[in-house]
Amino acid sequence: MRKTLYIIGLSAFVFSCAPQKKVVKTTYKPKNPVTQPKTVVKTPMAEKPKPQITNDHGVEFFTTNIADPTKNDNTASYGSIVSAKPSGYKVVKTYFPAVAQNFRQKYLILHYTAIPDDKSITVLTQQAVSAHYLVNNLGDNEIYQLVDENKRAYHAGISSWRSDKNLNDNSIGIEIVNAGYTTDATGKRIFAPFSDDQVKKVAALAKDIATRYQIPATNVLAHSDIAPTRKQDPGPMFPWKKLYDEYQIGMWYDEAAKQSIFELAQTDFQTRYNEASFIFLIQTALQKFGYGIEPSGAWDDATKKTIEAFQYHFRPQNYDGIMDAETWAILQALNQKYPVK
Ligand SMILES: [Zn+2]
């Protein structure tokens, strides 16, 4: 995606030469006209309608989408205009808007705070970590905004998904107040549930953000997806399937595809389980799906944690971090349904 935009950027730069010269003709008097190429086409640039700007509570917006949605991947909404105000000069916004632009917000990352409401507010507003939004657990209708969507919040840390790294740079982060987990006598993590009204709040908020920035389903993720060796949140109690089924948010596999793959996967799964080539195949599939995992051909600790993160999201009934035929079938069904573009 980034490469595509780079190419668009380059071609936009190349093609911009011609129209710029047409503009120069009427607005700029070069000191040495001899140096101007003689083959410049002198036909005036067709007059394009200028985008109008509206003002809402002191914030300016374009009234139409000025980007070209056929060339960009997330240009559907208009966004606020932040401009310089250089002393003695006038910045004009409506003369030359460029089609080659889009939003920086490519990902939506969900978290739990693992601490109660009051502490969540203190930590996320007064310390080195933050998120754009905080969903409380008070049963009211409020959602707290802590950081402007155009600014970077510090919620993701060291992170990656597919070809992207450091997702603080290009994501919106939502923190949900939740107790996190405790560990039982066998070492198993027992996670706290989310209340129904929290899930509804998160769904409404996620829907609004994903729609405005055209965030694709593959980029609506758990913190544990983008940092699987470090993080567990929002954990297996977060109802990803419900968000997919009822709000069309994020990814989920097709049951029929999973079942047919599962029947095939079961036949030789146990016999191949410890073959290095089979482990490598599974690690490569996790990597292809998006996880930042280095295929090693061994069931190493990073692989176990990555499988656990995958299970938190897509097979929450059993999140033991051990690859089994069902988890393997779900992973393959997802890779079929959401191929890398
Ligand atoms: Zn987190």
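These remarks concern the structure in this document. Everything numeric in this text was worked out from a predicted model, so none of it was measured.

Further remarks concern the overall build of the protein. On a plain count of helices and strands, the protein comes out with nine helices and 11 strands. Residue burial in the protein is summarised as follows: out of 341 residues, 30% are buried. Taking the intrachain contacts of the protein between residues at least 6 apart in sequence as the baseline, contacts between residues at least 24 apart amount to 60%.

In the sheet, strand E1 (residues 53-56) pairs with strand E2 (residues 59-62) via four bridges, with the strands oriented antiparallel. Within E2, the residue paired with Asn55 across the bridge is Glu60. Where E1 folds back on E2, the antiparallel hairpin that results is connected by two residues, among which His57 adopts a positive phi of roughly 55 degrees.

What follows concerns the environment of Thr218. With respect to the secondary-structure elements, Thr218 resides in the loop between helix H3 (196-213) and strand E11 (220-222). C-alpha separation for the pair Thr218 and Tyr107, spaced 111 residues apart in sequence, amounts to 8.7 Å.

Now for the sheet that holds strand E8 (residues 171-176). Across the sheet, which stays open at both edges, the five strands sit in the order E5-E4-E8-E3-E11 with mixed pairing between neighbours. Looking at the sheet topology across the chains shown, the edges are occupied by strand E5 (144-145) and E11. Bridge count between strand E4 (residues 133-135) and E5: two bridges; the pairing is antiparallel. In the sheet register, Tyr133 faces E5, and the bridge partner there is Gln145. Running at roughly 170 degrees to E8, H3 makes contact with strand E3 (107-112), E4, E8 and E11 of the sheet.

Okay, helix H7 (residues 276-289) next. For H7, with 14 residues, the first-to-last C-alpha span of 20 Å sits near the 20 Å given by 1.5 Å per residue. Inspection of H7 places Ile279, Ile282, Gln283, Leu286 and Phe289 among the buried residues, and these make up the whole buried set. Mapping the buried residues of H7 onto a view down its axis gives an arc of 120 degrees, with all of them on the same face. For H7, the exposed residues lying more than 90 degrees away from the buried face are Ala276, Ser277 and Thr284. Residues of H7 that are buried in the fold lie against helix H8 (301-314) and helix H9 (325-337).

Ranked by size, the top nonpolar core spans 59 residues in total, and within it Leu108, Ile109, Ile174, Ile176, Ala206 and Leu334 carry the most contacts. Sort the elements by how many residues they give to this core and H9 lands first, with six residues. Looking at this core, you find at least three residues from each of domain 3 (107-247) and domain 4 (255-337). Those residues in contact with Ile109 that sit more than four places away from it in its chain are His155, Ala156, Leu167, Ser171, Gly173, Leu221, His223 and Ile226.

Turning to the packing of H8 against H9, a few remarks are in order. Interaxial distance between H8 and H9 falls to 11 Å at its minimum, and their mutual angle equals 75 degrees. Between H8 and H9, the crossing angle belongs to the class labelled roughly perpendicular. Contact residues: Ile307, Phe310, Gln311 and Phe314 in H8; Thr327, Ile330, Leu331 and Leu334 in H9. A class-by-class count of the residues in the contact of H8 with H9 yields six nonpolar, two polar and no charged.

Conventions we followed
- Residues numbered from 1 in each chain as written.
- Predicted model: local features only at pLDDT ≥ 70, side-chain atom pairs only at ≥ 80, totals over all residues.
- Helix = DSSP H or I, 4+ residues; strand = E, 2+ residues; numbered from the N terminus.
- Buried ≥ 20, exposed ≤ 12 C-beta atoms within 10 Å, placed from the backbone.
- Contact = placed C-beta atoms within 7 Å.
- Pairing = 2+ DSSP bridges.
- Axes fitted to C-alpha atoms, helices over the stretch in contact; angles between N-to-C directions.
- Expected span 1.5 Å × (residues − 1).
- Arc of directions from axis to C-beta.
- Core = buried A, V, L, I, M, F, W, Y, C linked by C-beta atoms within 7 Å.
- Domains from an automatic or database assignment.
- Parallel < 35°, antiparallel > 145°, perpendicular 65-115°, else oblique.
- Nonpolar A, V, L, I, M, F, W, Y, C, P; charged D, E, K, R; others polar.

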